[in-house]
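Okay, here's what each chain looks like letter by letter:
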Amino acid sequence: MEKVRISKLMSERGLCSRREADAYIERGWVKVDGRVVAELGAKAYPDQEITLERAAQARQTARVTILLNKPVGYVSGQAEKGYTPAVALVDARSRYAGDRLPRRFERSHLQGLAVAGRLDIDSQGLLVLTQDGRIARHLIGEDSDVDKEYLVRVQGRLSEGGLALLNHGLSLDGKALRPAQVQWQNADQLRFVLREGKKRQIRRMCELVGLRVVGLKRVRIGRVALGDLPAGQWRYLRDDERF
(Lines give C-alpha, C1' and ligand atoms only; values in the text may rest on other atoms or scores of the structure.)
Protein backbone atom coordinates (compact mmCIF):
# COMPACT_ATOMS: atom_id res chain seq x y z
CA MET A 1 0.00 0.00 0.00
CA GLU A 2 1.43 3.36 -1.06
CA LYS A 3 1.16 6.60 0.85
CA VAL A 4 -0.97 9.42 -0.58
CA ARG A 5 -0.84 13.17 0.03
CA ILE A 6 -2.93 13.94 3.08
CA SER A 7 -4.69 16.82 1.32
CA LYS A 8 -5.83 14.40 -1.39
CA LEU A 9 -7.11 11.91 1.17
CA MET A 10 -9.00 14.68 2.99
CA SER A 11 -10.65 15.77 -0.25
CA GLU A 12 -11.60 12.21 -1.19
CA ARG A 13 -13.15 11.67 2.25
CA GLY A 14 -15.21 14.84 1.96
CA LEU A 15 -13.48 16.57 4.88
CA CYS A 16 -12.64 19.66 2.80
CA SER A 17 -11.11 20.71 -0.51
CA ARG A 18 -7.39 20.22 -1.17
CA ARG A 19 -6.75 23.95 -0.87
CA GLU A 20 -8.57 24.06 2.45
CA ALA A 21 -6.62 20.99 3.60
CA ASP A 22 -3.31 22.75 2.92
CA ALA A 23 -4.51 25.81 4.86
CA TYR A 24 -5.51 23.64 7.83
CA ILE A 25 -2.20 21.75 7.75
CA GLU A 26 -0.29 25.05 7.80
CA ARG A 27 -2.17 26.02 10.96
CA GLY A 28 -1.59 22.68 12.66
CA TRP A 29 -5.27 21.79 12.59
CA VAL A 30 -4.90 18.32 11.02
CA LYS A 31 -4.03 15.09 12.81
CA VAL A 32 -3.21 11.66 11.41
CA ASP A 33 -3.74 8.86 13.91
CA GLY A 34 -3.78 11.51 16.65
CA ARG A 35 -0.53 13.24 15.64
CA VAL A 36 -0.42 16.77 14.24
CA VAL A 37 0.72 16.95 10.60
CA ALA A 38 3.84 19.11 10.55
CA GLU A 39 4.40 19.96 6.88
CA LEU A 40 2.63 20.64 3.59
CA GLY A 41 2.79 17.77 1.14
CA ALA A 42 2.95 15.18 3.91
CA LYS A 43 1.59 11.75 3.05
CA ALA A 44 -0.33 9.04 4.87
CA TYR A 45 -1.66 5.56 4.17
CA PRO A 46 -5.26 5.40 2.90
CA ASP A 47 -6.38 3.45 5.96
CA GLN A 48 -5.05 5.95 8.52
CA GLU A 49 -7.42 8.13 10.56
CA ILE A 50 -7.48 11.83 9.71
CA THR A 51 -9.18 14.30 12.05
CA LEU A 52 -9.67 18.06 12.17
CA GLU A 53 -9.15 20.26 15.20
CA ARG A 54 -12.17 22.19 16.50
CA ALA A 55 -10.82 25.42 15.02
CA ALA A 56 -11.03 23.94 11.53
CA GLN A 57 -14.50 22.55 12.19
CA ALA A 58 -15.65 25.95 13.43
CA ARG A 59 -14.31 27.63 10.30
CA GLN A 60 -16.22 25.17 8.12
CA THR A 61 -19.42 25.79 10.06
CA ALA A 62 -19.04 29.55 9.49
CA ARG A 63 -18.89 29.12 5.71
CA VAL A 64 -22.07 29.86 3.82
CA THR A 65 -23.84 28.43 0.81
CA ILE A 66 -26.23 30.67 -1.09
CA LEU A 67 -29.10 29.61 -3.34
CA LEU A 68 -29.90 32.19 -6.01
CA ASN A 69 -32.64 32.27 -8.62
CA LYS A 70 -30.51 33.59 -11.48
CA PRO A 71 -32.43 35.61 -14.08
CA VAL A 72 -31.63 35.57 -17.79
CA GLY A 73 -28.93 38.12 -18.70
CA TYR A 74 -26.49 37.39 -15.86
CA VAL A 75 -23.36 35.26 -16.17
CA SER A 76 -22.68 32.64 -13.53
CA GLY A 77 -18.99 33.37 -12.94
CA GLN A 78 -16.76 36.38 -13.55
CA ALA A 79 -18.06 39.42 -15.45
CA GLU A 80 -17.56 39.05 -19.20
CA LYS A 81 -18.34 41.09 -22.32
CA GLY A 82 -20.00 43.75 -20.22
CA TYR A 83 -22.43 41.32 -18.59
CA THR A 84 -23.00 41.36 -14.84
CA PRO A 85 -22.05 38.33 -12.72
CA ALA A 86 -24.88 36.70 -10.77
CA VAL A 87 -23.09 37.28 -7.45
CA ALA A 88 -23.79 41.02 -7.89
CA LEU A 89 -27.43 40.21 -7.06
CA VAL A 90 -26.51 39.01 -3.57
CA ASP A 91 -26.98 41.74 -0.99
CA ALA A 92 -29.15 42.41 2.04
CA ARG A 93 -31.96 43.97 -0.02
CA SER A 94 -32.40 41.02 -2.40
CA ARG A 95 -32.51 38.36 0.32
CA TYR A 96 -35.72 36.34 0.09
CA ALA A 97 -38.25 37.41 2.71
CA GLY A 98 -39.11 33.76 3.28
CA ASP A 99 -35.55 32.91 4.37
CA ARG A 100 -36.04 32.07 8.06
CA LEU A 101 -32.43 31.10 8.76
CA PRO A 102 -31.30 33.24 11.72
CA ARG A 103 -28.13 34.39 10.00
CA ARG A 104 -27.36 38.03 9.40
CA PHE A 105 -25.98 38.88 5.97
CA GLU A 106 -22.37 40.08 6.06
CA ARG A 107 -20.11 41.25 3.25
CA SER A 108 -17.67 38.50 4.23
CA HIS A 109 -20.21 36.00 2.93
CA LEU A 110 -19.34 37.16 -0.59
CA GLN A 111 -15.65 36.33 -0.25
CA GLY A 112 -14.44 33.21 -2.01
CA LEU A 113 -17.87 32.19 -3.30
CA ALA A 114 -17.54 29.47 -5.92
CA VAL A 115 -20.22 28.66 -8.50
CA ALA A 116 -21.10 24.99 -8.10
CA GLY A 117 -22.75 24.26 -11.43
CA ARG A 118 -22.98 27.05 -13.99
CA LEU A 119 -25.98 28.34 -15.91
CA ASP A 120 -25.36 30.14 -19.20
CA ILE A 121 -26.42 33.72 -19.70
CA ASP A 122 -29.62 32.73 -21.54
CA SER A 123 -30.75 30.36 -18.78
CA GLN A 124 -32.40 30.97 -15.43
CA GLY A 125 -33.08 29.17 -12.19
CA LEU A 126 -31.26 27.60 -9.27
CA LEU A 127 -27.62 28.63 -8.92
CA VAL A 128 -25.46 27.48 -6.00
CA LEU A 129 -22.74 29.80 -4.69
CA THR A 130 -20.65 28.35 -1.87
CA GLN A 131 -17.65 29.06 0.35
CA ASP A 132 -17.54 25.38 1.31
CA GLY A 133 -15.16 23.31 -0.79
CA ARG A 134 -16.87 20.10 0.30
CA ILE A 135 -20.14 21.20 -1.27
CA ALA A 136 -18.46 22.40 -4.46
CA ARG A 137 -16.68 19.07 -4.87
CA HIS A 138 -19.88 17.14 -4.15
CA LEU A 139 -21.77 19.03 -6.84
CA ILE A 140 -19.20 19.45 -9.61
CA GLY A 141 -16.33 17.09 -8.82
CA GLU A 142 -15.32 14.59 -11.49
CA ASP A 143 -17.02 11.77 -9.60
CA SER A 144 -20.19 13.74 -8.75
CA ASP A 145 -23.45 11.88 -9.37
CA VAL A 146 -25.81 14.60 -8.13
CA ASP A 147 -28.65 15.07 -10.60
CA LYS A 148 -29.96 18.41 -11.84
CA GLU A 149 -33.49 18.99 -13.10
CA TYR A 150 -34.44 21.47 -15.83
CA LEU A 151 -37.65 22.62 -17.50
CA VAL A 152 -36.91 23.33 -21.15
CA ARG A 153 -39.22 25.09 -23.59
CA VAL A 154 -38.53 24.15 -27.20
CA GLN A 155 -39.54 24.88 -30.78
CA GLY A 156 -39.17 22.73 -33.89
CA ARG A 157 -39.97 19.21 -34.96
CA LEU A 158 -38.49 16.35 -32.96
CA SER A 159 -36.72 13.86 -35.23
CA GLU A 160 -37.85 10.25 -35.34
CA GLY A 161 -36.49 8.46 -32.31
CA GLY A 162 -35.34 11.83 -30.96
CA LEU A 163 -36.76 11.41 -27.47
CA ALA A 164 -35.01 8.07 -27.05
CA LEU A 165 -31.73 9.65 -28.19
CA LEU A 166 -32.12 12.47 -25.68
CA ASN A 167 -32.41 9.87 -22.95
CA HIS A 168 -29.38 7.92 -24.15
CA GLY A 169 -27.36 7.75 -27.33
CA LEU A 170 -26.06 11.24 -28.05
CA SER A 171 -22.43 12.38 -28.03
CA LEU A 172 -20.89 15.84 -27.63
CA ASP A 173 -17.30 16.80 -28.37
CA GLY A 174 -16.59 13.24 -29.43
CA LYS A 175 -17.65 11.74 -26.10
CA ALA A 176 -20.81 9.78 -25.31
CA LEU A 177 -23.13 11.46 -22.84
CA ARG A 178 -24.29 9.77 -19.68
CA PRO A 179 -27.87 8.43 -19.67
CA ALA A 180 -30.41 11.16 -18.93
CA GLN A 181 -34.10 11.31 -18.05
CA VAL A 182 -36.03 13.32 -20.62
CA GLN A 183 -39.81 13.44 -21.03
CA TRP A 184 -42.49 15.77 -22.32
CA GLN A 185 -44.16 17.99 -19.72
CA ASN A 186 -46.61 19.47 -22.20
CA ALA A 187 -46.80 20.27 -25.93
CA ASP A 188 -43.73 22.52 -26.00
CA GLN A 189 -41.84 21.79 -22.80
CA LEU A 190 -39.44 18.99 -21.86
CA ARG A 191 -38.20 17.93 -18.44
CA PHE A 192 -34.48 17.02 -18.31
CA VAL A 193 -32.66 15.33 -15.43
CA LEU A 194 -28.88 15.18 -15.96
CA ARG A 195 -25.90 13.99 -13.97
CA GLU A 196 -23.31 15.94 -15.92
CA GLY A 197 -22.94 19.50 -17.11
CA LYS A 198 -21.11 20.09 -20.36
CA LYS A 199 -21.14 23.61 -21.77
CA ARG A 200 -24.62 24.43 -23.14
CA GLN A 201 -25.34 20.71 -23.01
CA ILE A 202 -29.13 20.76 -23.16
CA ARG A 203 -29.24 23.29 -25.99
CA ARG A 204 -26.75 21.24 -28.02
CA MET A 205 -28.58 17.98 -27.29
CA CYS A 206 -31.83 19.48 -28.54
CA GLU A 207 -30.21 20.79 -31.71
CA LEU A 208 -29.06 17.25 -32.54
CA VAL A 209 -32.68 16.03 -32.62
CA GLY A 210 -34.23 18.96 -34.48
CA LEU A 211 -35.31 21.18 -31.58
CA ARG A 212 -34.36 24.72 -30.59
CA VAL A 213 -34.37 25.77 -26.95
CA VAL A 214 -36.26 29.02 -26.32
CA GLY A 215 -36.34 28.84 -22.53
CA LEU A 216 -34.37 26.89 -19.92
CA LYS A 217 -34.85 26.88 -16.15
CA ARG A 218 -33.04 24.77 -13.55
CA VAL A 219 -35.49 23.85 -10.82
CA ARG A 220 -33.58 21.35 -8.67
CA ILE A 221 -30.08 20.22 -7.72
CA GLY A 222 -30.03 16.92 -5.85
CA ARG A 223 -32.59 17.18 -3.06
CA VAL A 224 -32.66 20.99 -3.04
CA ALA A 225 -35.43 22.59 -5.12
CA LEU A 226 -35.81 26.15 -6.37
CA GLY A 227 -39.32 26.23 -4.90
CA ASP A 228 -40.93 29.64 -4.69
CA LEU A 229 -37.68 31.63 -4.60
CA PRO A 230 -38.35 34.68 -6.82
CA ALA A 231 -36.09 35.56 -9.74
CA GLY A 232 -33.19 37.78 -8.67
CA GLN A 233 -33.51 36.82 -5.00
CA TRP A 234 -31.50 34.46 -2.82
CA ARG A 235 -31.49 32.58 0.46
CA TYR A 236 -29.04 30.62 2.59
CA LEU A 237 -28.85 26.84 2.43
CA ARG A 238 -30.40 25.60 5.68
CA ASP A 239 -28.53 23.36 8.10
CA ASP A 240 -31.07 20.61 7.54
CA GLU A 241 -30.75 20.67 3.72
CA ARG A 242 -28.48 18.28 1.88
CA PHE A 243 -27.83 18.05 -1.83
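Residues numbered from 1 in each chain as written. Predicted model: local features only at pLDDT ≥ 70, side-chain atom pairs only at ≥ 80, totals over all residues. Heavy atoms only, no water.

Student: Could you clarify how one ought to interpret the nonpolar core in this entry?
Tutor: Note on soluble globular proteins: their nonpolar side chains tend to be buried together. Judged by nonpolar contacts, the single largest core of 20 residues is most densely connected at Y150, V152, L166, F192 and I202. Among the elements of the structure, strand 9 (148-156), strand 13 (189-194), helix 6 (201-208) and strand 14 (211-221) are those that each provide at least two residues to this core. For V152, the contacting residues outside a window of four places in its chain are D188, Q189, L190, F192, I202, V213, G215 and L216. If you look at the next biggest cluster of nonpolar residues, it comprises 16 residues, including I6, M10, A44 and A56. (Core = buried A, V, L, I, M, F, W, Y, C linked by side-chain atoms within 4.5 Å. Buried < 20%, exposed > 50% of the residue type's maximum accessible area, 1.4 Å probe, protein only. Helix = DSSP H or I, 4+ residues; strand = E, 2+ residues; numbered from the N terminus. Contact = heavy atoms within 4.5 Å.)

Student: What should I look at first to understand the pairing of strand 6 (residues 65-70) in this one?
Tutor: Walk down a regular strand and you will see the side chains alternate between the two sheet faces. Counting buried residues in strand 6 gives six out of six residues, a clear majority hidden from the surface. Where burial is concerned, the two faces of strand 6 agree: the one with T65, L67 and N69 and the one with I66, L68 and K70 are both buried. Sheet analysis places strand 6 next to strand 8 (residues 124-130), joined by six bridges and oriented antiparallel. Residue pairing in the sheet places N69 in a bridge with L126 of strand 8. Pairing of strand 6 with strand 16 (residues 234-236), which is carried by three bridges, proceeds in the antiparallel orientation. Within the sheet, the bridge partner assigned to I66 lies in strand 16 and is Y236. (Pairing = 2+ DSSP bridges.)

Student: How should I be thinking about the environment of E49 in this particular structure?
Tutor: Relative to the helices and strands, E49 resides in the loop between strand 4 (43-44) and strand 5 (50-52). In this structure E49 comes out as partly exposed when scored by relative accessible area, which is 49%. In this structure the C-alpha to C-alpha distance between E49 and G125, which are 76 residues apart in sequence, comes to 40 Å.

Student: How should the environment of S7 be read in this particular structure?
Tutor: Relative to the assigned elements, S7 resides in helix 1 (residues 6-12). The class of S7 is buried, set by a relative accessible area of 5%. C-alpha separation for the pair S7 and K217, spaced 210 residues apart in sequence, amounts to 36 Å. Beyond its immediate stretch of four places on either side in the chain, S7 contacts R18, A21 and D22.

Student: Would you mind showing me how to read the sheet that holds strand 5 here?
Tutor: Pairing between sheet strands relies on hydrogen bonds along the backbone, with the strands arranged either parallel or antiparallel. Pairing is antiparallel across the open sheet formed by three strands, whose spatial order is 3-2-5. Only two strands of the sheet have a single neighbouring strand rather than two, namely strand 3 (35-36) and strand 5. Pairing analysis gives two bridges linking strand 2 (residues 30-32) to strand 3, with the strands arranged antiparallel. Across the sheet, the residue bridging to V32 is R35, located in strand 3.

Student: Just to check I follow, could you spell out the pattern of salt bridges for this structure?
Tutor: Any two side chains of opposite charge can pair, given that their charged atoms come close. In total, this model carries 18 salt bridges according to the counting rule given. Note that D122 and R200 form a salt bridge whose closest N and O atoms lie 3.9 Å from each other. With D122 in the loop between strand 7 (114-115) and strand 8 and R200 in the loop between strand 13 and helix 6, this residue pair connects regions lying 78 residues apart in the sequence. According to the relative accessible area criterion, D122 is partly exposed, its value standing at 40%. (Salt bridge = Lys/Arg side-chain N within 4 Å of Asp/Glu carboxyl O.)

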